[in-house]
Amino acid sequence: MALKWLLSNSNFTKQIILTSACCNSGWGSKSKVAKRKLKFINVNMALPPEVEEVLAPLRALVKEQGDLVHQMKAENVPEIDVKKAVAELKNRKKALEEKELSLR
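Here is what the cut-offs are and how they apply
- Residues numbered from 1 in each chain as written.
- Predicted model: local features only at pLDDT ≥ 70, side-chain atom pairs only at ≥ 80, totals over all residues.
- Heavy atoms only, no water.
- Salt bridge = Lys/Arg side-chain N within 4 Å of Asp/Glu carboxyl O.
- Buried < 20%, exposed > 50% of the residue type's maximum accessible area, 1.4 Å probe, protein only.
- Helix = DSSP H or I, 4+ residues; strand = E, 2+ residues; numbered from the N terminus.
- Expected span 1.5 Å × (residues − 1).
- Contact = heavy atoms within 4.5 Å.
- Polar contact = N/O pair within 3.5 Å; in protein donor to acceptor, adjacent residues only side chain to side chain.

S.K.: Before we go on, may I ask you to explain the pattern of salt bridges in this structure?
M.R.: A side chain of one charge can pair with a side chain of the opposite charge if their charged atoms are brought near each other. One pass over the full model with this rule turns up four salt bridges. Ionic pairing is found between Arg59 and Glu52, a salt bridge with its closest N-O pair at 2.5 Å. A relative accessible area of 29% means that Arg59 is categorised as partly exposed. Note that Lys63 and Asp67 form a salt bridge whose closest N and O atoms lie 3.2 Å from each other. Placement of the pair is Lys63 and Asp67 together in helix H2 (residues 49–74), with a separation of four residues, close to one helical turn.

S.K.: Where do I start with unusual backbone geometry in this structure?
M.R.: Phi is mostly negative for residues that are not glycine, and the peptide bonds are mostly trans. In this model, Asn76 sits at a positive phi of 55°, which is unusual for a non-glycine residue. Inspection of the secondary structure assignment puts Asn76 in the loop between H2 and helix H3 (79–103).

S.K.: Just to check I follow, could you spell out H3 for this structure?
M.R.: Side chains that are three or four residues apart share a direction in an α-helix, a result of its 3.6 residues per turn. With 25 residues, H3 extends 36 Å between its outermost C-alpha atoms, agreeing within 8% with the 36 Å of an ideal straight helix rising 1.5 Å per residue. Residues of H3 that are buried: Val82, Ala85, Leu89 and Leu96. Buried residues along H3 sit in contact with H2.

S.K.: Is there a simple way to explain the environment of Pro57 in this structure?
M.R.: With respect to the helices and strands, Pro57 occurs in helix H2. Using a relative accessible area of 46% as the deciding quantity, one classes Pro57 as partly exposed. A C-alpha to C-alpha distance of 9.4 Å links Pro57 and Leu96, two positions 39 residues apart in sequence.

S.K.: I would appreciate a short explanation of the side chain of Gln65 in the present structure.
M.R.: Along the chain, Gln65 falls in helix H2. Engagement of the side chain of Gln65 in a polar contact is seen with the backbone oxygen of Ala85, the distance being 3.1 Å. For Gln65, the residues in contact, after removing those within four places along its chain, are Ala85, Glu88, Leu89 and Arg92.

Right, here's the structure in full:
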């Protein structure tokens, strides 16, 4: 089954869309699009307030680096500098994800 996650920022609820594997065999086929059956499942992903307090500084660092990357791209900074900033952003995202998984 194929999974696709959609994050609703308002209430920290993730929504899973499940499609059957048979739909993947007709990739690109318009005739199978109408035949797909989607199931929506809501999964509560909210974390306790004390965990959110621990993750808040890491999220701020990710947001800060993401804003920096966005600004660098808008100002047409040399690509090598942008790649370094993106690598740092990926490292921060990975650290945030690892910390979040360890606290679940």
